[in-house]
Amino acid sequence: MLCFVMENSKRKMISNAPTKECQYGGECYRVNPVHFREYSHPHIEKLLTKAVSFSMVEIPDDVKVHKSVFGEQLKIVSSLFPHLSCDSINPEKKLKVEPTTSTQPLPTTSSACTSSVTKMDPKPSNPGKDNMNTIESLFAERRAKMQATQRDKPPETVAPVKKDGPSSNTTTDTGISLKQAIPRDINSYFPVVAPRGRMAAKLAAAAPYNFFLTTITASKPTHTEPLSITFQELLDSSLGELECSVQMNFMVDIGWLLAHYFFAGYENVPLLVLYGDETPELRMVSQKKPNVTALKVEIKTPFGVHHTKMGLYGYRDGSMRVVISTANLYEDDWHNRTQGLWISPRLPAVPEGSDTTYGESRTDFRASLLNYLDAYKLHQLQPWMERIRKTDFSDVKVFFIASVPGGHTNTPKGPLWGHPRLGFVLSQHAAPIDDACPLVAQSSSIGSLGPSPESWVLGEIMASFRKDSAPVGIRRLPGFRMIYPSYSNVRQSHDGLLGGGCLPYVRNTHVKQEWLKDYLHQWCSRTRNRNKAMPHIKTYCRWSHRGLYWFLLTSANLSKAAWGVYNKTGRFEKPLRINSYEAGVLFLPKMLLDENFFPMDSNKKHPPFPMPYDIPIIPYAPEDTPFFMDYLQQ
């Protein structure tokens, strides 16, 4: 009873505790600490306050989500807000709940680059730790998660940090300094760490495709595969000395992201972050880190999101690099999920006095990228657009295929966005394709596709995705195949049912399009050691026994919001409506190999294209069902 009475006063005392309740209440299935820092979950907090210790918390039988999910949520809330637990009253009990860490006071740190930040609470819970580094709160959540996952591990020993100048720090409310929040040893912070200084050689060896999959924590063979990559390798010094960068994404754990920059030695390098999913940490980061600018990309329609996953990296010698990815910028997406990345070659600055057309690629990649960035209408992107105009993209041999929200008509250069853009490029550059070759789509979510295959998939998508450079004539519609994890796939994944946390397809949508099951195929990736790593990657391609005709890596799931849908009514409406920002790259053999096909098996002339899944693909058995997010709520 005492704990219950104290709950509200404790919440007021702790300035970083959320006051806004989660709208989903007991049906919330999220296990991302960012969500629990932003929103209160009274049904979880009450359980913690009533229990004598964390180990004695009993999960009720009537919880509305899967018990394994609820257990993870309890751990997260207990780690983020230990004062909400009764254990905080008794130090001996507290040790059973909180991770084993040093009990010594944390030293203050100082930096010439830190800036003042207004305190959110005039009464910090521990006045003795007021003068902390201003970046510390950005890492508090990440550290809490580390502690939760390392609960049974021995404590890390961290040497005291010496002050190197007058302190310019201000009070924050987390009680965690940067040096303490991030162990000096990177191996104590990230589960998989690649050797330093080797990424440039790895990228050169990946030519001509430059196509990587993320390393899987639970699959040790992927830790040393030449085509596996960790995020910190994108910041490897061998790729260039970073001068500035842009990260464009949907979900961003800013503490996790800045930890990578910290370990790479770029903690004070200018960073622009464009994101779609709002968090308190992203809203406040510019106050705490003046070199970081974080902007939420606003979309007029409620049905669209900023889903693009792209990085722009500028180097001190004037060169730059572009990375197109399928992964959000937070730990889970780089842990046990299959993700894809295309990494451009290092792109030098054009010589002074060059013509404006100098340095364009055969695929018009530079012009396409500039059109895309211009669609944001953000002045913060203008310096980057100017830099791109003065960069030599001639070594880029893939096409940039993107979507931007709005209504769109064709331009003199053809359609610019969505599935019509892909169809236009295929009609210009793809070798003639046998109509017997199906389109194979693979994504981590599926939208509302309509009551029949003809509603949109066969009626619109296939009209664009089927195109090639063959003369116009009578053609039959190719087949359609869809790779999407089944319930069995997810249940056997590295993380069990929680592995389906990146697959937000729901039963209510599926019951309106049950025809889709006739087209569904299992996720199978034994060849790439990712059979148990659920796919957040999105790909589209066509192949035959002769080889791979084309391959698209993109952030775009199979949905109307991502690819666009033609308006059927309304005299004054634009013909194509897109709701979301998306970005991808199209691989065409004519551009990369001067051939009509990518080889899918080894040959003496060209390396095989690194497909992310096994071929042939395996259809669902009659008893199979796609994985629904509903399973995590049962």
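None of the values given here were measured: they were computed from a predicted structure. (Residues numbered from 1 in each chain as written. Predicted model: local features only at pLDDT ≥ 70, side-chain atom pairs only at ≥ 80, totals over all residues. Heavy atoms only, no water.)

(A) Spotlight on the overall build of the chain. In terms of regular secondary structure, the chain is built from 18 helices and 24 strands. A burial count over the chain gives 57% of its 634 residues as buried. Looking at the chain alone, contacts between residues at least 24 apart form 75% of all its contacts between residues at least 6 apart. Element-wise, carbon and sulfur atoms account for 52% of the exposed surface of the chain, whose accessible area totals about 27,500 Å². (Helix = DSSP H or I, 4+ residues; strand = E, 2+ residues; numbered from the N terminus. Buried < 20%, exposed > 50% of the residue type's maximum accessible area, 1.4 Å probe, protein only. Contact = heavy atoms within 4.5 Å. Areas by Shrake-Rupley, 256 points an atom, 1.4 Å probe, with all protein chains shown as cover.)

(B) Spatial organisation of the sheet that holds strand β7 (residues 242–248). What the eight strands build is an open sheet, ordered β6-β5-β13-β11-β10-β7-β8-β9; its pairing is mixed. Looking at the sheet topology across the chains shown, the edges are occupied by β6 (228–229) and β9 (292–296). By the bridge criterion, four bridges tie β7 to strand β8 (residues 271–275) in an arrangement that is parallel. Bridged to Q247 within β8 is V273. Sitting on the sheet, helix α10 (residues 280–288) touches β8 and β9, and the angle it makes with β9 is about 145°. (Pairing = 2+ DSSP bridges. Axes fitted to C-alpha atoms, helices over the stretch in contact; angles between N-to-C directions.)

(C) How the structure looks around the nonpolar core. Within the largest apolar cluster, 121 residues are counted, with the highest numbers of intra-cluster contacts made by Y372, F480, W550, W563 and F587. Those residues within four positions of W550 in sequence are excluded, and the remaining contacts are L422, L426, I433, L439, F465, Y540, C541, R542, L586, F587 and L588. By size, the runner-up hydrophobic cluster in this structure holds 39 residues, among which are V252, V273, Y315 and A327. (Core = buried A, V, L, I, M, F, W, Y, C linked by side-chain atoms within 4.5 Å.)

(D) Spotlight on the sheet that holds strand β23 (residues 576–578). If you walk across this open sheet you meet the three strands as β15-β23-β22, and the pairing is antiparallel. Edge strands, defined here as strands with exactly one partner in the open sheet, are β15 (406–408) and β22 (565–566). Pairing of β22 with β23 involves two bridges; the strand directions are antiparallel. Looking at β23, one finds that Y566 is bridged to L576.

(E) Here's a closer look at the pairing of strand β16 (residues 439–442). Neither face of β16 is exposed, since L439 and A441 on one face and V440 and Q442 on the opposite face are all buried. Pairing analysis gives four bridges linking β16 to strand β17 (residues 480–483), with the strands arranged parallel. Counterpart to Q442 in the pairing with β17 is I483. Read as a crossover between parallel neighbours, the route from β16 over helix α14 (residues 457–465) to β17 is right-handed. Here β16 pairs with strand β20 (residues 539–544) via four bridges, running antiparallel. Across the sheet, A441 pairs through a bridge with Y540, a residue of β20. (Right-handed = clockwise from strand over helix to strand, strands pointing away.)

(F) Highlighting the pattern of salt bridges. Applying the stated criterion to the full structure yields 13 salt bridges. Notably, a salt bridge pairs E225 with R530, separated by 3.0 Å at the nearest N-O pair. You can see E225 sitting in the loop between β5 (211–214) and β6 and its partner R530 sitting in the loop between β18 (520–521) and β19 (534–535), a full 305 residues away along the chain. Note on accessibility: E225 and R530 belong to one class, buried. In this structure, E386 and K390 form a salt bridge, with 3.6 Å as the shortest nitrogen-oxygen distance. Sharing partners across several salt bridges, the network here consists of E386, R389 and K390. (Salt bridge = Lys/Arg side-chain N within 4 Å of Asp/Glu carboxyl O.)

(G) Expanded view of the packing of aromatic side chains. The final tally for this structure, using the stated rule, is 38 aromatic pairs. Here F231 and W256 contribute two aromatic rings whose centre-to-centre distance is 5.5 Å and whose plane-to-plane angle is 50°, an arrangement assigned as tilted. Of this pair, F231 sits in the loop between β6 and β7 while W256 sits in helix α9 (residues 254–264), and the two are 25 residues apart along the sequence. Judged by relative accessible area, F231 falls into the buried class, the value being 3%. Taken together, the ring pairs in this structure connect W342, F365, Y372, Y376, F393, F400, W417 and Y581 into an aromatic cluster. (Phe/Tyr/Trp six-rings, centres within 6.5 Å; stacked < 30°, edge-to-face > 60°.)

(H) Representation of helix α11 (residues 365–374). A large share of α11 lies buried, amounting to seven of its ten residues. Taken residue by residue, α11 has F365, R366, S368, L369, L370, Y372 and L373 as its buried positions.

(I) Looking closely at helix α3 (residues 42–50). Those residues of α3 that fall on the buried side of the exposure criterion are I44, E45, L48 and T49. Projected down its long axis, α3 carries its buried residues within an arc of 130°, all on one side. (Arc of directions from axis to C-beta.)

(J) Here's a closer look at the side chain of D236. When you line up the elements, D236 lands in the loop between β6 and β7. Engagement of the side chain of D236 in a polar contact is seen with the backbone nitrogen of G197, the distance being 2.8 Å. A distance of 2.5 Å separates a polar atom in the side chain of D236 from a polar atom in the side chain of S238. Setting aside anything within four residues of it in sequence, one finds D236 in contact with P195, R196, G197, R198 and M199. (Polar contact = N/O pair within 3.5 Å; in protein donor to acceptor, adjacent residues only side chain to side chain.)

(K) Up close: the packing of α11 against helix α12 (residues 382–389). As a packed pair, α11 and α12 sit with axes 10 Å apart at the nearest point and diverge in direction by 170°. Between α11 and α12, the angle falls in the class roughly antiparallel. In contact with R366, L369, L370, L373 and D374 of α11, α12 contributes M385, I388 and R389. A class-by-class count of the residues in the contact of α11 with α12 yields five nonpolar, no polar and three charged. (Parallel < 35°, antiparallel > 145°, perpendicular 65-115°, else oblique. Nonpolar A, V, L, I, M, F, W, Y, C, P; charged D, E, K, R; others polar.)

(L) Focus on the pairing of strand β11 (residues 320–325). By the criterion of burial, β11 is predominantly enclosed, with six of the six residues buried. Neither face of β11 is left uncovered, since the one carrying M320, V322 and I324 and the one carrying R321, V323 and S325 both have all their residues buried. Of the pairings in the sheet, the one linking strand β10 (residues 310–315) to β11 comprises five bridges and is antiparallel in character. Bridge assignment links Y313 to a residue of β11, and that residue is R321. Here three bridges tie β11 to strand β13 (residues 340–343), and the two strands are oriented antiparallel to one another. Within the sheet, the bridge partner assigned to I324 lies in β13 and is W342.

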